Structures are given as structure tokens and as C-alpha cells.
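Here's the letter readout for the chains.
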Amino acid sequence: MTGRGQAGAGDLLALVRTGRATTRGALQQATGLSRATVGQRLDRLFRAGWLREGAGGPVDSPLGGRPSITLEFDDAHAVVLAADLDTRHARAAVLTLTGEILAEHGGPLAVEDGPDVVLGELGGWFAELLVKAGHRPDEVCGIGLAVPGPVDTETGLVVQPPIMPGWDGYDIRGRLARAFRERADTGACAGTEAGAGAARAEVPVLVDNDANLMAYGEQRTGYPDCSAFVLVKVSTGIGAGVVVGGSVYRGVDGGAGDIGHIRVGADAPCRCGSHGCLAAVASGGAVARRLAESGVPAASGSDVRDLLAAGHPEAAALAREAGRKVGDVLATVVTLLNPGVLMIAGDLAGTAFLTGVRELLYQRALPRSTAGLEVVTSRLGERAGLVGAGAMVVEHLYAPERVEERLLALGV
Ligand SMILES: [Zn+2]
């Protein structure tokens, strides 16, 4: 926050949103602003529709005197669109500003069909989901997209993605914004002139790696007090997301956590064009290949997930073996980062895989690094990426440094 007595409307909003100060008196105390200045800034937030009075009624004021009205972030003044692309499947949703899913759709969508086709299709999904959720295109404040590859979040470009042919350097933000606008204009949800017109103004699109956003979604909703959180997604590929101090740790160019292409020595060919990658020997795709070789019908991580759920003994044995290989790499990750939570997510995340991870992790990592470590499976399941993508958009748009500009744009 800016210095004491300098807090802007965005700082006040942040204090209310995080629950650190939710009355006028508490805001005065937290910021050092006068009652009149707090009042002026709150008035702008009320006029924008971003704040509302709390349902709980007045509470005692920290400054004494009359009980104060509590303030809340108004999570119904806009909605967020989010999508999570896996290699062959995608999910999309309409979410409230506090992360509640209002409408959701999942279906086959192959990243190898290329960004033009995939993002065009997502635009259509978004238009239909908005209708289902009972919201208009002009109520959408932003779009968040999770992709299975490394992303430069400054530009929204994927950077040399191993398993996304045709996506390298492609303008994902522009294409998705256009796909949404075209479908919102021509689709069933262009019910009003205002709706269609407002959708024509460019909707901000934010893009990040799927494991990063799953980690962000899971940490915020399930482990908000965990200051070092690691999520490993094991599906058709393998990736990791790291949340440190409440923020995704991305490294200098978005490459942090891309553990799937660490060479572990085997000579199995990898989809990235190399050999011996962790993903080539321990992912859902790798387990599916091993099963297919021995006559069990399996072609992808999701097929393996179904076999594991049905208690297939060979699938379980291979998943445990894959877990040991991943656990070996995670011993280094855990030693380096000393996380409080290590979450295993994705198609292979189940008892057999987790057993394998634990076997190698506790054998190889220093006891000091694992003493306070919880090894868990996903809580949000296939919704983790959507929840994380929605939260990324909201945190970006309502960050104190962006609030002033947005309030001015709204004319308040
Ligand atoms: Zn590879």
C-alpha cells in the first residue's frame, strides 16, 4: 500500500476485500486518512457498484461512538469467464468475482487443432454459458485462460510449448477477445444494444500455465495460510505450479515449474521431440502407452484415470511406478522450496500414484524438508484451473494500482 495518509480508492477496496478493514472507522485507522477523505473514496467505489453494505448490520466502531455499517466487496457487479485447456479436453465457466461457478461446460477440444480453431470454439462456449448463467456480455469484466504450456504472462504468449503445435508466439489474447466479441454480438446473448455494444469494447484476457493456475486456485481456496505451496499436475503431461507468499512464482520468463521435461535417463521418446523426459516415462500418457502395449485399451491420461477408478491392477501398478519416478524429482523440488503442502493433481492423482511419490520422496529428501510437509490430492479436482484463472483475472483487475484507472473509465 502507498504511504500512510496517501491511500487511494484501490487501497481501501483491497482492505475491504481481504477483510482487513471493513468499516469506515477501521479504514481510517488502517490508512490514516480523515473521515471525510475515506467517505469520498468509498463514495466512488459505491457509485462504481463495487462495494455494498454488509448483510450483518452495524458493528462496534474501533474509534468508539455509533456502531458502524460493515462494508463488503460487491461480487455481483460483474462476472468473469474462465477456460482451462488440456491437450484433448477443455472446461469453461462463468464465475462470480469471488470464485463461485455459475455455469460450466466441459468437452473435447484438442490443442493440436491450433489456436485459431480452439479459441474460436471457446468464444462460442462462453456465449452459451453466459446465457445459461443469465448474464449479458457487457457484464464480463475479464477472461482468464489456462493452457498446458509455459506462458509469458506479460505478453500472454506461450513460449516454446512442447505439446502445443502452432501456439508458439500466437496472439492468444487478441484471438480469444475477438472470438468472444463476435459470438456475443451475433449469438443468442446479444439481447440488447447495450450488451452487444459493450462487448465490442475489448475485454481483458489473461493467460497463464495450467499448473500455475491450478496451484493458485487450490492454495487460495484450501490452504490460504500456506506460504509455500507446490502443485504437480500429472495428466497427459507433467507440470508444476508454485505459490509463494500468496503469489504464483513464475521465474524470469514463465518457465518455473516445467518439470515434465527434466531428463531422467530413460530413452523413451517424448512429445517435446526429446528423449528420456519425466513426462515420457511417468505421465498419464506414458502409463497409457505401457498399458496399450500389454493389450489394455488406453490412449490418454483420462483413460488411465478411468482404469484406476475401476481398480484395474495393472494400471495401479504402473501408476505407482510412475509415482516413484515423479517422487524422485519431487525430492529435489521439496528440498529446494521446503513447501508446507505438496498437492498431486491430474488424471493419475490417486492412492497408487501417491504411494509411489511418498516412497521416493521420503527416501530421497532430507527429513528436515519433509517434517512439516503435507502430501495431498486435489480438493477442487477438474475445477482447479477454472477457479485459479478466475481469481487471476479478479486480482489483476481489482489490484490497487489498476483501480483508479478503471474508476475513471467508468466516469466515477
Ligand atoms: Zn519432453
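About the thresholds
- Residues numbered from 1 in each chain as written.
- Predicted model: local features only at pLDDT ≥ 70, side-chain atom pairs only at ≥ 80, totals over all residues.
- Heavy atoms only, no water.
- Helix = DSSP H or I, 4+ residues; strand = E, 2+ residues; numbered from the N terminus.
- Rg over C-alpha atoms; globule rule 2.2 N^0.38 Å.
- Buried < 20%, exposed > 50% of the residue type's maximum accessible area, 1.4 Å probe, protein only.
- Contact = heavy atoms within 4.5 Å.
- Areas by Shrake-Rupley, 256 points an atom, 1.4 Å probe, with all protein chains shown as cover.
- Lys, Arg positive; Asp, Glu negative; His and termini not counted.
- Charge placed at Lys NZ, Arg CZ, Asp CG, Glu CD.
- Donors = N, O, S within 2.8 Å, 3.2 Å for Na, K, Ca; no water.
- Tetrahedral: all angles 85-135°; square planar, octahedral: opposite > 155°, others 65-115°.
- Domains from an automatic or database assignment.
- Buried area = accessible area lost by both parts, 1.4 Å probe.
- pLDDT = per-residue confidence, 0-100.
- Pairing = 2+ DSSP bridges.
- 1 Å grid on protein atoms, 1.4 Å probe; cavity = no way out; pocket = protein on both sides within 12 Å on 5 of 7 lines; lining within 4 Å.
- Points joined across faces, edges and corners; volume = space filled by probe spheres on them.
- Nonpolar A, V, L, I, M, F, W, Y, C, P; charged D, E, K, R; others polar.
- Core = buried A, V, L, I, M, F, W, Y, C linked by side-chain atoms within 4.5 Å.
- Expected span 1.5 Å × (residues − 1).
- Salt bridge = Lys/Arg side-chain N within 4 Å of Asp/Glu carboxyl O.
- Axes fitted to C-alpha atoms, helices over the stretch in contact; angles between N-to-C directions.

On a plain count of helices and strands, the chain comes out with 15 helices and 14 strands. By the compact-globule yardstick of 22 Å for 412 residues, the chain fits well, its C-alpha radius of gyration being 23 Å. Oriented by its inertia axes, the alpha-carbon framework of the chain measures out at about 75 × 55 × 35 Å. Buried positions account for 52% of the 412 residues belonging to the chain. A separation of at least 24 residues holds for 62% of the contacts in the chain among residues at least 6 apart in sequence. Carbon and sulfur atoms provide 49% of the accessible area of the chain, an area that totals close to 17,700 Å². Looking at the chain, you have 38 positive and 47 negative side-chain charges, and the mean spots of the two groups are 4 Å apart.

In a perfect tetrahedron of four donors around a metal, the angles come out at 109.5 degrees. In a perfect octahedron of six, they are 90 or 180 degrees. Looking at the zinc ion, one finds its protein donor set to be H261 (ND1), C270 (SG), C272 (SG) and C277 (SG), positioned 2.0 to 2.3 Å from the metal centre. Coordination at the zinc ion is tetrahedral: its four donor atoms span angles of 105 to 118° at the metal. When the donors of the zinc ion are listed by position in the chain, the intervening gaps give H-x8-C-x1-C-x4-C. Accessibility expressed as a relative area gives 0% for C277, which makes it buried.

Partitioning the chain into domains gives domain 1 (9-73), domain 2 (79-203 + 386-409) and domain 3 (212-379). For domain 2 versus domain 3, the separation of C-alpha centres amounts to 27 Å. Taken together, the 17 residues of domain 2 in the interface contact 17 residues of domain 3. Taken together, both faces of the contact between domain 2 and domain 3 bury some 1,400 Å²; the carbon and sulfur share is 58%.

Attention shifts here to the confidence of the model for the chain. When pLDDT is averaged along the chain, the result is 91, and 94% of the positions lie at 70 or above. pLDDT under 50 marks residues 188-199. Its contacts with residues more than four places away, or in other chains, come to 18 contacts.

Right, let's talk about the pairing of strand 3 (residues 79-85) for a bit. Where burial is concerned, most of strand 3 is hidden: seven out of the seven residues are buried. Side chains V79, L81, A83 and L85 project from strand 3 onto one buried face, and the interleaved V80, A82 and D84 project onto a second face that is buried too. The pairing of strand 3 with strand 6 (residues 140-147) spans six bridges and is classified as parallel. By the bridge assignment, L81 is partnered in strand 6 with I143.

So, about unusual backbone geometry. Phi angles above zero are rare outside glycine, and Q160 is one such case at about 40°. Locating Q160 in the fold gives a position in the loop between strand 8 (157-158) and helix 5 (172-186). Here N338, not a glycine, exhibits a phi torsion of approximately 45°, which is positive. Note that N338 resides in the loop between helix 11 (313-337) and strand 13 (341-345).

If you walk through the whole model with that rule in mind, you get one cavity of 30 Å³ or more. In this model, the largest cavity occupies a volume close to 50 Å³. Lining of the largest cavity is provided by V281, A286, V287, R290, L318, E321, A322 and K325. Listed by contribution, the elements that provide at least two residues to the lining of the largest cavity are helix 9 (284-293) and helix 11. With four residues, helix 11 is the largest single contributor of residues to the lining of the largest cavity. Considered class by class, the residues forming the lining of the largest cavity number five nonpolar, no polar and three charged.

In terms of nonpolar packing, the biggest core is built from 41 residues, with V232, I238, L291, L330, L342 and L361 touching the most fellow members. Broken down by secondary-structure element, the contributors of at least two residues to this core are strand 10 (228-234), strand 11 (238-244), helix 8 (278-282), helix 9, helix 10 (301-309), helix 11, strand 13 and helix 12 (351-364). Here this core gets nine residues from one element, more than from any other, and that element is helix 11. In contact with L291, not counting residues within four places along its chain, are V296, A298, V304, L307, E314, A315 and L318.

Our next topic: helix 14 (residues 384-397). For helix 14, spanning 14 residues, the distance from its first C-alpha to its last is 20 Å, which sits close to the expected 20 Å at 1.5 Å a residue. Across the 14 residues of helix 14, twelve count as buried, placing the element largely inside the fold.

Of the positions making up helix 2 (residues 24-31), those classed as buried are G25, A26, L27, Q28 and T31. Where helix 2 is buried, its residues touch helix 1 (9-17), helix 3 (35-48) and strand 2 (71-73).

Here we take up the pattern of salt bridges. Any two side chains of opposite charge can pair, given that their charged atoms come close. Scanning the entire structure with this criterion turns up 24 salt bridges. In this structure, E104 and R91 form a salt bridge, with 3.2 Å as the shortest nitrogen-oxygen distance. Residue E104 is located in strand 5 (residues 101-108), and its partner R91 is located in strand 4 (residues 89-95); the two are separated by 13 residues in the primary sequence. Across the pair, exposure class does not vary: E104 and R91 are buried alike. The partner of D328 in a salt bridge is R364, with the nearest N and O atoms 2.8 Å apart.

In a beta sheet, neighbouring strands are held together by backbone hydrogen bonds and run either parallel or antiparallel to one another. Overall, mixed pairing links the five strands, which are arranged 5-4-3-6-9 in an open sheet. Of all strands in the sheet, those bounded by a partner on one side alone are strand 5 and strand 9 (205-209). Here the average twist between neighbouring strands, direction ignored, is 15°. In the packing of helix 7 (residues 210-222) onto the sheet, the strands contacted are strand 3, strand 6 and strand 9, and the crossing angle to strand 9 comes to about 100°.

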